Structure formats: structure tokens, C-alpha cells
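Structural overview
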Amino acid sequence: MKLIAAGREDAATLAAIHATSFPPGAAWDADTFETLLELDGTFALRAGERGFILARQTLDEAEILTLAVDPAARREGIGAALVATALATVGAAGAKAMFLEVAEANEAAIYLYASAGFTKIGLRRDYYAPGMHALAMRHSLDIK
Ligand SMILES: CC(C)(COP(=O)(O)OP(=O)(O)OC[C@H]1O[C@@H](n2cnc3c(N)ncnc32)[C@H](O)[C@@H]1OP(=O)(O)O)[C@@H](O)C(=O)NCCC(=O)NCCS
């Protein structure tokens with residue numbers, strides 16, 4: 001599977017994929033992706049127009065900001081490949097750990113992250129909305 005770096009010029013493509021995967025109130029628009037991709041340490045990888053991951057690295061810590069795969073292309077390993085490549089990218093750039101938040105009801109994503117090696121480190125109550133909690137997860141990249 002070919003994954004390529006996505007830049008500001010891909011903001012509309014990322015927004016279109018995001019809209020296939022999140023409800024209207026939670027989907028991010030192209031302006032949001034453009035703004036995020038201008039920030040130092042933020043990068044995106046995409047699998048054509050079928051999926052992408054957006055992540056950020058600050059010194060030795062990295063974070064997955066969002067991940068989406070078009071419903072028509074799910075369960076083909078795209079999400080796993082995006083997460084594995086993002087982990088390898090930040091690890092090669094000196095990150096010692098990668099973090100993320102995921103809705104505690106989002107079983108598909110939690111299975112994916114757990115199978116990629118992330119472990120639960122806590123619960124952020126009401127993170128998305130009242131009653132919608134997030135699991136915080138961490139993947140160590142410290143290879144001492
Ligand atoms: C979560 C998401 C990115 C997974 O993408 P995907 O390309 O379908 O994932 P993969 O095919 O790489 O799946 C890898 C593994 O994750 C787990 N998994 C993925 N989807 C699953 C599901 N619906 N139910 C249970 N496990 C699932 C499985 O262990 C799977 O391995 P397997 O297919 O060999 O059993 C996709 O469902 C999505 O875009 N969801 C909506 C947006 C979202 O929730 N993003 C994450 C927010 S933090």
C-alpha cells in the first residue's frame with residue numbers, strides 16, 4: 001500500500017475523507033486542515049483518497065490528532081498501515097512515545113490502536129461532550 005505525505009494542498013482531500021468518517025458536527029473542514037498543517041511538527045500521511053492520519057510531534061512526544069478511512073475502504077489494513085507508518089516516522093525523528101485520545105465507545109478504533117501496540121493510560125471524562133468520555137492511550141517508542 002502506498003502512503004504519501006500530505007501537505008496544505010491536500011487539505012480539501014483530507015476534509016472530504018474526514019467527512020466520510022465523522023458526523024457533520026465533528027468533521028473538520030479544509031481550512032482547519034490547512035491551519036493544522038502549518039503548525040510546526042504537524043504532518044499527515046494519506047493512502048490516496050481512501051484514508052489519512054494527521055499527527056504532531058513536539059520534541060520527544062508525538063500525538064495522533066485524527067485518523068480516518070473511507071467506509072468503502074475499511075478492513076483492508078489501511079488504518080493499521082497509517083498508524084504503523086506514523087509511529088515509524090515519529091520514532092525515526094526521536095519521539096519516545098506517541099499518545100492519542102479516542103472515544104471510549106469507538107470500538108473499531110480502540111481495537112486498531114490496541115493491535116498497533118497502544119495501551120490505555122487513562123480516561124478523560126466528558127472530553128468530547130457531556131457523557132462522551134475519551135480513553136487516553138500511549139505507545140512507547142523508547143528502544144533502550
Ligand atoms: C478506525 C478506522 C480508522 C479503522 O480503519 P481500517 O482501515 O478499517 O482499519 P484496518 O483495516 O487497518 O483494521 C486493523 C485492525 O483494527 C481492528 N478493527 C478495525 N475496524 C474494526 C471494527 N469495525 N471492529 C473491530 N475491530 C476493528 C481489527 O483488529 C483490524 O484487524 P483485522 O481486520 O485483521 O481484524 C476506521 O474504522 C475509521 O475511519 N473510523 C471512523 C473514524 C475514527 O473512528 N477514527 C479514529 C478516531 S481516534
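Here we summarise the structure given alongside this text. (Residues numbered from 1 in each chain as written. Predicted model: local features only at pLDDT ≥ 70, side-chain atom pairs only at ≥ 80, totals over all residues.)

1. A look at unusual backbone geometry
For Leu59, which is not a glycine, the phi torsion comes out positive at approximately 50°. Mapped onto the elements of the fold, Leu59 is located in the loop between β3 (51–58) and β4 (61–69). The class of Leu59 is exposed, set by 10 C-beta atoms lying within 10 Å. Of note, the phi angle at Arg75 is positive, near 60°, even though the residue is not glycine. The topology assignment puts Arg75 in the loop between β4 and α3 (78–92). The class for Arg75 is exposed, based on 10 C-beta atoms found within 10 Å. (Helix = DSSP H or I, 4+ residues; strand = E, 2+ residues; numbered from the N terminus. Buried ≥ 20, exposed ≤ 12 C-beta atoms within 10 Å, placed from the backbone.)

2. What to know about the site of the ligand
Arg74, Gly79, Ala80, Ala108 and Leu112 are the nearest of the 20 residues found near the ligand. Going through the elements one at a time, β4, α3 and α4 (107–115) are the ones with two or more residues in the shell around the ligand. (Near = placed C-beta within 6 Å.)

3. What about the sheet that holds strand β1 (residues 4–6)?
Strands sit in the order β1-β2-β3-β4-β5-β7-β6 across an open sheet of 7 strands; the sheet is mixed. The outermost strands of the open sheet, each flanked by one partner alone, are β1 and β6 (119–129). Neighbouring strand axes in the sheet, compared pairwise and without regard to direction, differ in orientation by 30° on average. Where β4 and strand β5 (residues 97–103) come together, 3 bridges link them in parallel fashion. Among the inter-strand pairings, Glu61 is bridged to a residue of β5, identified as Ala97. Along the sheet, helix α1 (residues 11–21) makes contact with β1, β2 (42–47), β3 and β4, crossing β4 at roughly 70°. (Pairing = 2+ DSSP bridges. Axes fitted to C-alpha atoms, helices over the stretch in contact; angles between N-to-C directions. Contact = placed C-beta atoms within 7 Å.)

4. Digging into α1
Every α-helical turn comprises 3.6 residues, leaving residues that sit three or four positions apart pointing alike. Looking only at α1, the buried set comprises Ala11, Leu14, Ile17 and His18. All buried residues of α1 project into a common sector of 130° when viewed along the axis, lining one side. Contacts from the buried residues of α1 go to β1, α2 (30–38), β2, β3 and β4. (Arc of directions from axis to C-beta.)

5. Some details on the packing of α1 against α2
As a packed pair, α1 and α2 sit with axes 8 Å apart at the nearest point and diverge in direction by 125°. Taken together, the axes of α1 and α2 are oblique relative to one another. Like other packed secondary-structure pairs, α1 and α2 cross with a definite hand, here right-handed. For the pair α1 and α2, contact is made by Ala11, Ala12, Leu14 and Ala15 and by Ala30, Phe33, Glu34 and Leu37, respectively. (Parallel < 35°, antiparallel > 145°, perpendicular 65-115°, else oblique. Left-handed = near helix turned anticlockwise from the far one by under 90°.)

6. Structural notes on the environment of Phe43
Mapped onto the elements, Phe43 comes out in strand β2. The class of Phe43 is buried, set by 21 C-beta atoms lying within 10 Å. For the pair formed by Phe43 and Ala93, sequence separation is 50 residues and the distance between their alpha carbons is 12 Å. Excluding residues within four positions of it along the chain, Phe43 makes contact with Ala5 and Ala55.

7. A few points about the nonpolar core
Grouped together as the largest cluster of nonpolar side chains are 33 residues, with contacts concentrated most on Ala44, Phe52, Ile53, Ala55, Leu82 and Ala86. Secondary structure elements with two or more residues in this core: α1, β2, β3, β4, α3, β5, α4 and β7 (132–140). Examining the composition of this core, we find that 6 residues originate from one element, α3, more than from any other. Non-local contacts of Phe52, meaning those with residues more than four positions away in its chain, are made with Ala6, Leu14, Ile17, Ala44, Leu45, Arg46, Ala68 and Leu82. (Core = buried A, V, L, I, M, F, W, Y, C linked by C-beta atoms within 7 Å.)

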